[in-house]
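Close look at the chain arrangement
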Amino acid sequence: MALHVHLPDGKELELAEGASGADLASAIGPGLARAALAVAADGQVRDLAAPLRDGASVAVITAKSDEALPLVRHDAAHVLATAVMELYPGVKISIGPAIENGFYYDFEFPEGVVLSEADFPAIEERMRAHIKAGEPFVREDLPVAAARERFLAQRQDYKVELIDDLMRDEGVETVSLYTNGPFTDLCRGPHAPSTATVKAFALQSVAGAYWRGDSRRTMLTRIYGTAFLSKQELDAYLEQLELARQRDHRRLGRELGLFMFSELSPGSPFWKPAGMAVWNQLTELWREENQARGYREVKTPMLYDVELWKQSGHWEKYKDNMYFTDVEGRAMGLKPMNCPAHIQIYKDERRSYRDLPVRYSEAGLVHRHEPSGVLHGLMRVRHITQDDAHIFCTDEQVQDEVVQCLRFGFDLYDLFGLEPRLELSTRPEKRIGSDEMWDRAEAALAGALDSEGLAYELNPGDGAFYGPKIDMHLTDSIGRSWQLGTVQLDYSMPERFDLAYTGADNAEHRPVMIHRALLGSFERFIGIMIEHYAGVLPFWLAPVQAIVLPVADRFNEAGEAVVAALGQAGLRAEVDARSESVGRKIRDAELRKVPYMLVLGEREAAEGTVSVRSHGGADRGPVAVGELARELAERARARTD
RNA sequence: GCCGACGUAGCUCAGCUGGUAGAGCACUUCACUCGUAAUGAAGGGGUCCCCGGUUCGAGUCCGGGCGUCGGCUCCA
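About the thresholds
Residues numbered from 1 in each chain as written. Chains lettered and ligands numbered in written order. Predicted model: local features only at pLDDT ≥ 70, side-chain atom pairs only at ≥ 80, totals over all residues. Heavy atoms only, no water. Core = buried A, V, L, I, M, F, W, Y, C linked by side-chain atoms within 4.5 Å. Buried < 20%, exposed > 50% of the residue type's maximum accessible area, 1.4 Å probe, protein only. Helix = DSSP H or I, 4+ residues; strand = E, 2+ residues; numbered from the N terminus. Domains from an automatic or database assignment. Contact = heavy atoms within 4.5 Å. Expected span 1.5 Å × (residues − 1). Arc of directions from axis to C-beta. Near = heavy atom within 4 Å. Polar contact = N/O pair within 3.5 Å; in protein donor to acceptor, adjacent residues only side chain to side chain. Nonpolar A, V, L, I, M, F, W, Y, C, P; charged D, E, K, R; others polar. Disulfide = S-S within 2.5 Å. Pairing = 2+ DSSP bridges. Phe/Tyr/Trp six-rings, centres within 6.5 Å; stacked < 30°, edge-to-face > 60°. Axes fitted to C-alpha atoms, helices over the stretch in contact; angles between N-to-C directions. Salt bridge = Lys/Arg side-chain N within 4 Å of Asp/Glu carboxyl O. Lys, Arg positive; Asp, Glu negative; His and termini not counted.

What about the nonpolar core?
Judged by nonpolar contacts, the single largest core of 79 residues is most densely connected at L282, V402, F416, I470, L489, F525 and L598. Here this core takes 10 residues from helix α13 (residues 398–416), the largest share from any one element. Here this core spans two domains, since at least three of its residues come from each of domain 3 (259–532) and domain 4 (539–638). If we skip the residues at most four places from it in the chain, L489 touches V398, V402, A441, A444, L445, Y466, G467, P468, M513 and I514.

This is how it looks when you write it as C-alpha cells:
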C-alpha cells in the first residue's frame, strides 16, 4: 500500500509503504537527497530515517532551513561528549542540548580532573576526527528497563536517573538512544544523518552548572560551544561577539570616564563627573515626568529598626540580602526596598477615598547584599537607586493605575528607542490571599496589558508571594536579559501594616498597593543605555555636549568665551586648550564621543563663529556662537536625540 | 554562595624551566602654534592584589583570603 505526503509547494507525492524522509528526498531529486538533514513532518522535526506517516505534510530540512541550526548544534553536543568520553575515561555524562547561540554538554569529571579552556584544543581535535569520519547517528528504540540496564552497567548515574524520572513522571515505556561511532546517548533526537554535518564549531567556555539546576545537587562541569552550518557563518558570529564586547558598558564606562569600581566597595559604582552628568540628566527627566503624572516625590531614611523589617516580612523572607548594624544596642537594618518607608508616610495621615490614588515617587537608594558571584558592572549592584514609586489606591482603581504605569513606562522607553519584552507573572505555589483576590489581580494586570494592545509572555507561578506582576526586560550587548521595569500588585503589605482609608460609606477599607519601577534602577538603566547607544549617548545626555577646539594657543581665550556662552545657555561645554594639533584634538574628541566639535581659528575668532563638526565627521561650517547656543539648548530641552 | 579562569605602571598587555621587571598608549617637561581622527624629543611612574609557606633567592612554586571575568543558583 502506498503512502501519500503533502509537500510545501502544495503537491502531493506518492511513496512506497514505510518510506522514510530519506526516501522522500531521493524521490524529489538526488541533489536534495544529498543535502537533506532531516524532515519537518506536520511541523515536527524528525530524523531522515524515520518512516513517514500517510497524509503528513512534509518539508525536507537542509542546511538552508531554519530548523537546521538547532539540529547541527545538538549534533555537535553529541560529538563533544564523544570526544570527552574518549579523553577522560570514567567521565559521567548528563545532558547536552542546543541553546540559543550554540550548545553545551554537562559532565561530571572523575575525581581530581579539573577541566579548563586550555584543554579545548585537544578536545576539538578529537571532535574533528569524529566529524571527518562522518559517523552516522543511529537511532535505537529500547524498552526502558533495557536502556536502564545499559546505562547502569556503564555507571552513567545521571542517565539512569533521567530514565527513572521518565518512567515515574511520564510513564514512558520505551526510550530512544542515539549512537555515533563509539558514543551512545539517551536522547530524544532528532539528529542529522551523520556527524559530518558539524562543519563549523568552536568550544567557547567552561563553567559550573548544578545538576538539574538545583543548587543542593552536584556541580557539574559545563562546556559551552557553538556550531554553524558553514565556516563563514561561524566566523561572522565570532566577529559579532567581538563587536558586542566593544560596547560592553564596563569597558565604555572606563574609556569614557563615566564610573569606576573599587575593591573597597564591591558592587558599588563610583560615579565620576562625566557619569554624574548623565545621571543628573536622567534624574531631571525622571523628576519632571513623575511630577507631570501625578506622583509626589518623597525621600526616606536608609536605616530602620529591625522591627519594621519584621513587620514587613523582609526579616523573614529577605534577611540574607540585607545589611544590619547596631546603633547603641539597637538592631537596625539598611533598607533593601522603599515600600515600608512609603507606607510610613501613608500612615502618617488619615486617608479618605477622596485622596486616592496616592502616588509617592522616590529615587530610592537601597542596599542589597547580592551574592558575590552575581555582581556585574552596573547591571547587578549592591547599591541600587531605584526610580521607585508606590501607588495606594482602591480595588476599582487598580487596572487604570496599571495602565497608566505601562503607558508611562513605554513613553520612557520610546524616548530611548528601547523595546522591552513583557512578562506577566501569575500566582505562585506559596502565596497569601484568596483565590478570588488573585483572580481579580491577575485579571487587572492582563486587562491592562490587553487594553494597551501589548504582547506579553505568560510566566505562570512566578509572581511575588503577595501578588502578580508585570516585568519589562531588555537584553544587553552580550545577550543577557535584565529586568528594568516592574509593576507589582500587592495585597499583603497593606494588610501587614494595617493600611486603611475611609470610604464614601464612612467605613474603613484596605487600599491596594502598586509597586512600580520603570527605569528599574538608575545604575542598570544607564548600563543598558551605554550599550544600547554603544557609548554615543543622545545629545541631551552626553556628559560633554560640545568641545571647543582652538587651532592654536592664542585662540584659547576666545575658546573660553565660547564655553561660557554655551554654559549660559545651560549646555555642558569644554575647551581643549592643549598645545596639540587640530587633528589630534578632533581625534580625541571623537574617541570621547563628544557630539559637537567646535573648531576655532583666525576666521571664527574674528567673526564670532565656530566651525561645527558633528561626532562621526559631518562638517557644517561656521555658525554664530549665539545662534548655536540657542539651537543646541533647544535640542537638549526637546530630548529628541 | 557554587564551579572554572584571571589579578604585573592610570589603561591594554609582555615577562621562557625561580635570579628582585618591560612595551605601547596615557602623564610631566621642553620645542612646535598647527584648520577636521595621533607633531617631535626627553623624563617621571611599579608594596608584580593581600597574608602566610617552600627556597640562598618568589612576579614566577604551594596554601589561605580578597577582587574581577565567564557560567550556575539566586534576584527580578
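A closer look at helix α17 (residues 556–568)
In this model, α17 (13 residues) spans 18 Å end to end at C-alpha, consistent with the 18 Å of a helix rising 1.5 Å per residue. When α17 is considered as a whole, its buried residues turn out to be N556, G559, V562, V563 and L566. Summarising the axial view, the buried residues of α17 lie within an arc of 110°, below the 170-degree limit, and thus occupy one face. Projecting away from the buried face of α17 at angles above 90 degrees are the exposed residues E557 and Q568. Where α17 is buried, its residues touch β29 (546–550), β30 (573–575), β31 (596–600), β32 (609–614) and α20 (625–638). Directly after α17, the chain includes G570, whose backbone phi takes a positive value near 85°.

So, the protein's contact with RNA strand B
The environment of RNA strand B is made up of 54 residues, and the closest members are S372, R480, Q483, R584 and E604. Restricting the count to atoms of RNA strand B within 4 Å of the protein gives a sugar and phosphate share of 54%. At 3.2 Å, a backbone N or O of G373 approaches a base nitrogen of RNA strand B. The set of elements that each furnish at least two residues to the surface near RNA strand B consists of β12 (200–210), β13 (219–228), α8 (249–255), β25 (481–490), α18 (582–591), α19 (602–607) and β32. Sorting elements by how many residues they give to the surface near RNA strand B places α18 first, with 7 residues. A breakdown of the residues in the surface near RNA strand B according to their chemical character gives 19 nonpolar, 17 polar and 18 charged.

As for the state of the cysteines
Applying the stated rule across the entire model yields 0 disulfides. No disulfide involves C405; its sulfur sits 9.0 Å from the nearest other cysteine sulfur, which is in C393. Residue classification places C405 among the buried residues on the basis of a relative accessible area of 0%.

As for the pairing of strand β1 (residues 3–6)
Where burial is concerned, the two faces of β1 differ: the one with L3 and V5 is buried and the one with H4 and H6 is not. Counting the residues between successive antiparallel strands, the hairpin from β1 to strand β2 (residues 12–15) contains 5 residues, one of them, G10, with a positive phi of roughly 95°.

Considering the packing of aromatic side chains
Considering all chains together, one arrives at 20 aromatic pairs under this definition. Their ring planes at 85° and their centres at 5.6 Å tell us that Y304 and W309 sit as a pair that is edge-to-face. Considered together, Y304 and W309 belong to a single accessibility category, that of buried residues. Measuring from centroid to centroid gives 4.5 Å for Y346 and F392, while their planes differ by 20°, and the two rings are stacked. Separated by 46 residues along the polypeptide, Y346 in helix α12 (residues 339–347) and F392 in strand β21 (residues 383–393) bring together distant segments of the chain. Of the two residues, Y346 and F392, neither departs from the other in class, the shared state being buried. A network of ring pairs unites the aromatic residues F259, F261, W271, W279, W286 and F522 as a single cluster.

With respect to the sheet that holds strand β3 (residues 38–41)
Paired through backbone hydrogen bonds, the strands of a sheet run either parallel or antiparallel to each other. If you trace the 3 strands from one edge of the open sheet to the other, you get β4-β3-β5, paired in antiparallel fashion. The open sheet has two free edges, formed respectively by β4 (44–47) and β5 (58–61), since each of these has just one partner strand. Recorded for the sheet is a direction-independent mean angle of 30° between the axes of neighbouring strands.

Some remarks on helix α3 (residues 68–87)
Residue pairs spaced three or four apart in an α-helix point in one direction, given the helix's 3.6 residues per turn. With 20 residues, α3 extends 29 Å from end C-alpha to end C-alpha; this agrees with the ideal 28 Å at 1.5 Å per step. For α3, a buried count of 15 out of 20 residues is recorded, marking the element as mostly surrounded by other parts of the structure.

Description of the pairing of strand β33 (residues 619–624)
Alignment of β32 against β33, held across 5 bridges, turns out to be antiparallel. Residue V612 lies in a different strand from β33, and its bridge partner there is G621.

Points about the domain arrangement of chain A
Accessible area lost upon the coming together of the parts serves often as the stated size of an interface. One can read the domain layout of chain A as domain 1 (2–61), domain 2 (68–237), domain 3 (259–532) and domain 4 (539–638). With centres defined by C-alpha atoms, the gap from domain 1 to domain 4 works out at 67 Å.

Digging into the pattern of salt bridges
Tallied over the entire structure, the rule returns 49 salt bridges. When the shortest N-O distance is used, the salt bridge between R212 and D165 registers 2.2 Å. Taken together, the positions of R212 in the loop between β12 and β13 and D165 in helix α6 (residues 157–170) put the pair 47 residues apart, joining distant regions of the chain. A salt bridge links E574 to R592; its shortest N-O distance comes to 3.2 Å. You can see E574 sitting in strand β30 and its partner R592 sitting in the loop between α18 and β31, a full 18 residues away along the chain. Note on R592: relative accessible area 40%, which makes it partly exposed. Connected through salt bridges with shared partners, the residues E161, D165, R168, D169, R212 and R217 form a single ionic network.

Re the environment of F392
Judged by its relative accessible area of 0%, F392 falls in the buried class. For the pair F392 and I514, spaced 122 residues apart in the sequence, the C-alpha separation amounts to 6.6 Å. For F392, the residues in contact, after removing those within four places along its chain, are H342, I343, Y346, L356, P357, V358, Y360, L499, V512 and M513.

A few points about the environment of K272
Examined against the element boundaries, K272 turns out to sit in the loop between β15 (270–271) and α9 (273–292). We classify K272 as partly exposed; its relative accessible area is 30%. When sequence neighbours within four positions are dropped, the list of residues in contact with K272 reads G257, L258, F259 and M260.

Remarks on the side chain of R382
Positionally, R382 belongs in the loop between β20 (358–367) and β21. It turns out R382 is buried and unbridged, and the closest side chain with the opposite charge, E370, is 7.2 Å from it. Side-chain polar atoms of R382 contact the backbone oxygen of E370, separated by 2.9 Å. Contact partners of R382, with chain neighbours within four places excluded, come to P266, G267, Y323, V366, H367, R368, H369, E370, P371, S372 and L375.

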